[in-house]
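Residues per chain are reported as follows:
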Amino acid sequence: MVLSTALGRRIASGTAALALAVLPAVLGLQPAAAAAASGPPTPTDLNTSGSFADSFTQGTELDTDPMYGLNVGLDRREQDGTARQISYTRVSGRWDTAVPPAPWHVQTSHPQHPNKLLFSLGHSAVMLDAPALADESGHYTVSTTVDPVEGDTTGADWASIMLSRSHRSTGYVTNADVDLGLTVSSGGKLALFHGGGGEVPFWTGRVTPGPGPFAVSLTVSTGADRLVSLTVDGTRFDVTAPAGVTRWPSSSYLYLGAYLDSAGEVTTFGDGTGHGLAVSRVDTTAASGPKPFVDTFDGVPGDTADFGLDQQLSARQPSPASAHYTQVSGAPGLPVTPVAGGVRVNSPDRPNALSFTAPTAVRLDKPATADLSGTYTVHAVLTPVVGSRTSRDWASLVVSGSEAGTGWVEGPDVALGLRIRADGTLQLFQHGTATWASEQSVPAADSYRVSLAVAAGAARQATLVVNGAAFTVPATADLPRDGYVYLGSRPSTTGQAGTVDDLRISMIGGLSYYGYFDIMDPDAPNNSADHSAEVASWTNLNGYLAQDPRKGYLDYCGPASCIVDAGYQVYDQAHGGPNPDAPAALAGLRAAIGSNIDKVAAVYVIDEPYYHGLDAQQVQTAVDQIRAVFPDKMIHLTMDAGSLFNPADTIPSGVDVVGFDDYCKGRATVRDELSQLERKLASPDQHLMLFPESITAGLWGCEHTTDAAMAAANAEYRAIAGTDPRVVYLQDFRWLGPDQPATYPLTVAEQQREGRAVVDATPHPPLSSVGVYRPGDRSFHEADRAAATIGSAQFGAAGDVPLVGHWTGLGTDTIGVYRPSSQTFLLSADNATATVTARFGNPGDVPLVGDWSGQGRDTIGVYRPGDQTFYLSNDNATVAYAIKMGNPGDTPLVGNWSGQGRDTIGVYRPSTQMFYLSNSNTSANPDHVVKFGNPGDVPLKGDWDGTGIDTVGVYRPGDRTFFGAARDSNVVVHSATYGDLDDLPLIGNWG
């Protein structure tokens, strides 16, 4: 639940003087406000909001094709309110299509209906591009005047006012994603709907229609009363939410729509005299650009298998980018499977919040990331113990460079870990060491608004603000540029709970954007047809090449969801070279964008500038010129492949996201070129994008590529992006029209799958990480993807063989051993004691573990070298599969080779470095044959790129290096050096 920070700001202003006057004496720290400009970072204000009002008052001469006045002159017509120039997005207003109607269906200040928002003919809707936001009292109000059918007072056609957490709704009142929908018919019938209830309203009422429009005011309470207060023409109706709504969401996008059956009918909003649309408060951070990430935790079903943790992410996260979570143990030591049900979202007792009822933690699976400023800010509201200001129980906010930590605030991977107790005492840990000799404190409160600003890398500075009290934090080590955020709580008593709410991050890394290059194809035969609606369900950021914004395409872009091209402004298309009038041309582009500026996520520099003959200084000048006109927009740049290897062709500073295009070259080439691109970056805080191919016709290098091969290549691009948090965008090249699914069906299907996974933040399979077993002291050591240790534990006895697996169900891999002297498996679910003890096999057998039948847990097995037979058990006692595979001297290897969730057999032949892998435990015929590694390597398997499929790998004892390969390939997709020379390699999912 997000509430307006007006109250928080008053608290901050009231405590700032105390902080300035007392903190230096009490804490021996300099407050952040006193720091020099080059000192500690200032937290970004991620809680901006204001009141909104649109009068719809403007000259009728602005109601012209193709924009029809919708987003024209907003700076002049929005006369009241502190949130200004917030535009609208055209949506379909239908239940059966996402394709919006032609722009003339929605107009502002039509000559026959001046100073009104007009809907005509059929069904259509618009969305306000900043969500309504509850104030400190937990309420928000939408007010307007509406005439459902002008000139009619008896009909059933209606206008609608809808509130949805989703910024991707089509705006039809009974859609499942509409949290609260109001219809007002021209005959005065009123109805309230809640998504998922179908065409049946949960409340109806009626008012007597008058000669003019209805004056409507809708106030939503996000409190326990679940009340909707509807006032129409002075008559008030108080309505309680239906039973399925535990709380109304505190943040909702506003949609206005119309349902008209007859030609000639029109619906209008506004009375024509300046009373148009008003919203008591809107969130001006959530959709202010592509960078901010917001999670309100509002409104999701909490009775799911994951207790709501990863439910309805793109709805409850009103920002353009979404991210999912993983529950982790929140405990010291090696990772273990966390307590089921210990974390809930929107529980009945603690609605619209992330709550913890057991000691545990969650990780946001995309990192907070530094932008070109070299900094990032993480904000959250922490309630260590609901209902207590005196308890010593605590909540935590952790920033770690590791994606595989446990979330333990004192863990070795933790760059900055805040522990705050219910009584207001706090400590900050860095890699297991307390920052302060004794706990510091702020006045006890019910909840604590925490903002942590991080200056990444060698700057080694951070600023912590807790309920307005500021602390500067000199770091003891470089701070991560990509910092994974862990949220946790440690309730000590049954029935207690802690909560986290209003998580906001200035920018997240990882793959967060998916779309198409040149979505409004300027070429024949389509002649500037806007195809964005065709791909809307699986994209959130599309590029428009060489298009004039006055064509109106930005009206169809959601907030911060489109890229405009500045190539014609900075490059002289007629004569080549830089445009001498670039500043004026860019100013003209900005003027053409006008009030749609909030739709623009980024400005694209000329495509492949070095290929077009520009030199490094000219490209840098173009970037600087764009920055001067678009100071708060991201800048994107694409390099041609040849420029990657020319030292003179540098990447300009000031570019936020840079990529390259080189099509149909294969994964090895793409990976090498991406590595080269990263070496050329002007700043380590620049981010990356990739350009998968979408077509073969006319695309150089792809003339003989099949649809199937291109679909497979798209999956490989996704896999590459999944292993590098600096890759934030996949921009497919290109989408040419509605016939593309028929022309390239396999590629389009793959892109739809990938795009929806990005847009909806679908959880993906975890990446495998490395570890080692040290026989000398019988210790297990587990590391993250960067080969940094996340935990260690001792287990077993001398002579034991190390094992890892998930013994009790799906989740984190834990440790175990096989004792050859007694043919006994000892498997630990807590990395300390044996949860499973089982004797199986004969002397000389090689121990195996895997999920042989897809039952969701690993069980035991053995391989008998004497007769090359696998014996696999589903119950840790009896043989379920016995099958012979391989030759004498082969090494057994099992893995999920098919991606079907079952581990199946395979062998590695050391004499030839060949792997032979079967997708079945009943057939020895290999389905995959691949050569990988060098003589002397130890064979391994792992899901190196998060595809849900195990592929082969090796460990090279001579230099302690792990290598993971792409599927059925010798292309290295992951490598890490870890451990000591006598260690034994381990691979697992540590969380």
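Residues numbered from 1 in each chain as written. Predicted model: local features only at pLDDT ≥ 70, side-chain atom pairs only at ≥ 80, totals over all residues. Heavy atoms only, no water.

An unreviewed UniProt entry lists the protein chain under the name LamG-like jellyroll fold domain-containing protein, with Kitasatospora cinereorecta given as the organism.

What the protein chain contains, in helices and strands, is 11 helices and 64 strands. Against the 2.2 N^0.38 benchmark of 30 Å for 991 residues, the protein chain shows a C-alpha radius of gyration of 30 Å, consistent with a compact globule. Taken over the C-alpha atoms alone, the protein chain extends approximately 95 × 70 × 60 Å along its principal axes. For the protein chain, with 991 residues in total, the buried portion stands at 61%. For the protein chain, contacts bridging at least 24 residues in sequence account for 63% of all contacts bridging at least 6. Per element, the accessible surface of the protein chain, about 34000 Å² overall, is 53% carbon and sulfur. Taken as two groups, the 62 positive and 103 negative side-chain charges of the protein chain have centres that lie 6 Å from each other. (Helix = DSSP H or I, 4+ residues; strand = E, 2+ residues; numbered from the N terminus. Rg over C-alpha atoms; globule rule 2.2 N^0.38 Å. Buried < 20%, exposed > 50% of the residue type's maximum accessible area, 1.4 Å probe, protein only. Contact = heavy atoms within 4.5 Å. Areas by Shrake-Rupley, 256 points an atom, 1.4 Å probe, with all protein chains shown as cover. Lys, Arg positive; Asp, Glu negative; His and termini not counted. Charge placed at Lys NZ, Arg CZ, Asp CG, Glu CD.)

All right, on to the packing of helix H9 (residues 707-722) against helix H11 (residues 745-759) then. One can describe the packing of H9 onto H11 by two numbers: an axis separation of 7 Å at closest approach and a directional angle of 20 degrees. As judged from the angle between their axes, H9 and H11 are roughly parallel. The handedness of the crossing between H9 and H11 is right-handed. Between H9 and H11, the contacting residues are Asp 707, Ala 708, Met 710, Ala 711, Asn 714, Ala 715 and Arg 718 on the first element and Pro 745, Leu 746, Thr 747, Glu 750, Gln 751 and Glu 754 on the second. For the contact of H9 with H11, a count of residues per class yields six nonpolar, three polar and four charged. (Axes fitted to C-alpha atoms, helices over the stretch in contact; angles between N-to-C directions. Parallel < 35°, antiparallel > 145°, perpendicular 65-115°, else oblique. Left-handed = near helix turned anticlockwise from the far one by under 90°. Nonpolar A, V, L, I, M, F, W, Y, C, P; charged D, E, K, R; others polar.)

We now examine the confidence of the model for the protein chain. Looking at the protein chain as a whole, the pLDDT averages 93, with 95% of positions reaching at least 70. Confidence drops under pLDDT 50 across residues 2-37; counting only partners more than four residues distant or on other chains, this segment forms 61 contacts. (pLDDT = per-residue confidence, 0-100.)

Core analysis: the biggest nonpolar cluster contains 71 residues, and Tyr 325, Leu 354, Leu 397, Leu 464, Leu 487, Leu 503 and Ile 505 have the highest contact counts within it. For Leu 487, the residues in contact, after removing those within four places along its chain, are Leu 354, Phe 356, Ala 361, Val 362, Ser 396, Leu 397, Val 500 and Leu 503. (Core = buried A, V, L, I, M, F, W, Y, C linked by side-chain atoms within 4.5 Å.)

A few words now on the environment of Arg 753. By the secondary structure assignment, Arg 753 is in helix H11. Separated by 215 residues in the primary sequence, Arg 753 and Trp 538 have C-alpha atoms spaced 7.8 Å apart.

Attention now moves to the state of the cysteines. On inspection of all chains with the given rule, the structure shows two disulfides. Here Cys 557 engages in a disulfide with Cys 562; their sulfurs sit 1.9 Å apart. Because the torsion about its S-S bond is -95 degrees, the bridge between Cys 557 and Cys 562 counts as left-handed. Disulfide pairing places Cys 664 opposite Cys 702 at an S-S distance of 1.9 Å. In this structure, the disulfide formed by Cys 664 and Cys 702 twists by about 105 degrees around the S-S bond and is classed as right-handed. Here Cys 664 is found in the loop between strand S42 (657-661) and helix H8 (667-680), whereas its partner Cys 702 is found in the loop between strand S43 (687-690) and H9, with 38 residues between them in sequence. Its relative accessible area of 23% is what places Cys 664 among the partly exposed residues. According to the relative accessible area criterion, Cys 702 is buried, its value standing at 0%. If you count the bonded cysteines of the protein chain from the N-terminus, they pair up as 1-2, 3-4. (Disulfide = S-S within 2.5 Å.)

Right, let's talk about the packing of aromatic side chains for a bit. Tallying each qualifying case throughout the model produces 21 aromatic pairs. Here the aromatic rings of Phe 517 and Phe 691 are separated by 6.2 Å at their centres, their planes lie at 75 degrees, and the arrangement is edge-to-face. Placement of the pair is Phe 517 in strand S35 (residues 513-517) and Phe 691 in the loop between S43 and H9, with a sequence separation of 174 residues. Pair check on accessibility: Phe 517 and Phe 691 agree, each one buried. Among the aromatic residues, ring-to-ring pairing joins Phe 517, Tyr 604, Tyr 663, Phe 691 and Phe 733 into one connected group. Above the face of the Tyr 556 ring, Arg 90 is positioned so that its terminal group lies 6.0 Å from the ring centre. A cation over an aromatic ring shows up here: Arg 94 above the ring of Trp 95, its NZ or CZ 4.6 Å from the ring centre. (Phe/Tyr/Trp six-rings, centres within 6.5 Å; stacked < 30°, edge-to-face > 60°. Lys NZ or Arg CZ within 6 Å of the ring centre and 35° of its normal.)

The next point concerns the sheet that holds strand S60 (residues 938-942). Strands sit in the order S60-S61-S62-S63 across an open sheet of four strands; the sheet is antiparallel. Of all the strands in the sheet, just S60 and strand S63 (972-977) have a single pairing partner and so form its edges. Ignoring strand direction, the axes of neighbouring strands in this sheet form an average angle of 25 degrees. Where strand S62 (residues 961-965) and S63 come together, five bridges link them in antiparallel fashion. (Pairing = 2+ DSSP bridges.)

What follows covers H9. The first and last C-alpha atoms of H9 sit 23 Å apart over 16 residues, in line with the 22 Å expected at 1.5 Å per residue. All of the buried residues along H9 are Asp 707, Met 710, Ala 711, Ala 713, Asn 714, Tyr 717, Arg 718, Ala 719, Ile 720 and Ala 721. Here the buried face of H9 lies against S35, H8, S43, strand S44 (727-733) and H11. (Expected span 1.5 Å × (residues − 1).)

This brings us to the sheet that holds strand S39 (residues 562-565). With respect to topology, eight strands assemble into an open sheet ordered S35-S44-S43-S42-S41-S40-S39-S38, the strand pairing being parallel. The strands lining the two open edges of the sheet, one partner per strand, are S35 and strand S38 (542-544). Strand-to-strand twist of the sheet, defined as the mean angle between neighbouring strand axes without regard to direction, takes the value 30 degrees. Here S42 pairs with S43 via four bridges, running parallel. Residue pairing for S43: Gly 659 is matched across the bridge by Met 689.

The next subject is the side chain of Thr 108. By the element assignment, Thr 108 lies in strand S3 (residues 106-110). When neighbours within four sequence positions are excluded, Thr 108 is seen to be in contact with Phe 56, Gln 58, Asp 63, Tyr 68, Gly 69, Leu 70, Arg 77, Lys 116 and Leu 117.

Position of Tyr 376 relative to the elements: it lies in strand S24 (residues 375-383). In contact with Tyr 376, not counting residues within four places along its chain, are Ala 368, Thr 369, Ala 370, Val 399, Leu 452, Ala 453, Val 454, Ala 456, Pro 480, Arg 481, Gly 483 and Ser 506. At 2.8 Å, the side chain of Tyr 376 and the backbone oxygen of Pro 480 are in polar contact. (Polar contact = N/O pair within 3.5 Å; in protein donor to acceptor, adjacent residues only side chain to side chain.)

Let us look at the pairing of strand S2 (residues 88-91). Judged by which residues are buried, S2 turns out to be covered on both faces: Tyr 88 and Arg 90 on one side and Thr 89 and Val 91 on the other are all buried. Direction of pairing for S2 relative to strand S5 (residues 122-128): antiparallel, over a ladder of four bridges. Within S5, the position partnered with Val 91 by the bridge is Ala 125.

What follows is about the side chain of His 781. Secondary-structure assignment places His 781 in strand S46 (residues 779-783). Looking at His 781, its side chain comes within polar contact range of the side chain of Ser 792, at 2.8 Å. With residues near it in sequence (within four places) discarded, His 781 still touches Gly 771, Val 772, Arg 774, Gly 791, Ser 792 and Tyr 978.

Looking now at the pattern of salt bridges. For the structure on display, the rule yields 35 salt bridges. Notably, a salt bridge pairs Asp 482 with Arg 726, separated by 2.9 Å at the nearest N-O pair. Pair noted here: Asp 482 is in strand S33 (residues 482-489) and Arg 726 is in the loop between H9 and S44, with a separation of 244 residues, a long-range link. Ionic pairing is found between Asp 502 and Arg 504, a salt bridge with its closest N-O pair at 2.6 Å. Arg 504 shares its class with Asp 502; the two are buried. Here the residues in one salt-bridge network are Arg 392, Glu 410, Arg 419, Arg 421, Asp 423 and Glu 439, joined through shared partners. (Salt bridge = Lys/Arg side-chain N within 4 Å of Asp/Glu carboxyl O.)

Another aspect to go through is unusual backbone geometry. A cis geometry characterises the amide bond from Asp 65 onward to Pro 66, with omega recorded as 5 degrees. Here Pro 66 shows up in the loop between strand S1 (49-54) and helix H2 (74-77). Notably, Asn 346 is not glycine yet its phi reads approximately 60 degrees, a positive angle. The residue Asn 346 is located in the loop between strand S20 (343-345) and strand S21 (354-356) in this model. Positioned with a positive phi, Asn 352 is a non-glycine residue whose angle comes to about 55 degrees. Mapping Asn 352 onto the fold places it in the loop between S20 and S21. The class for Asn 352 is buried, based on a relative accessible area of 0%.

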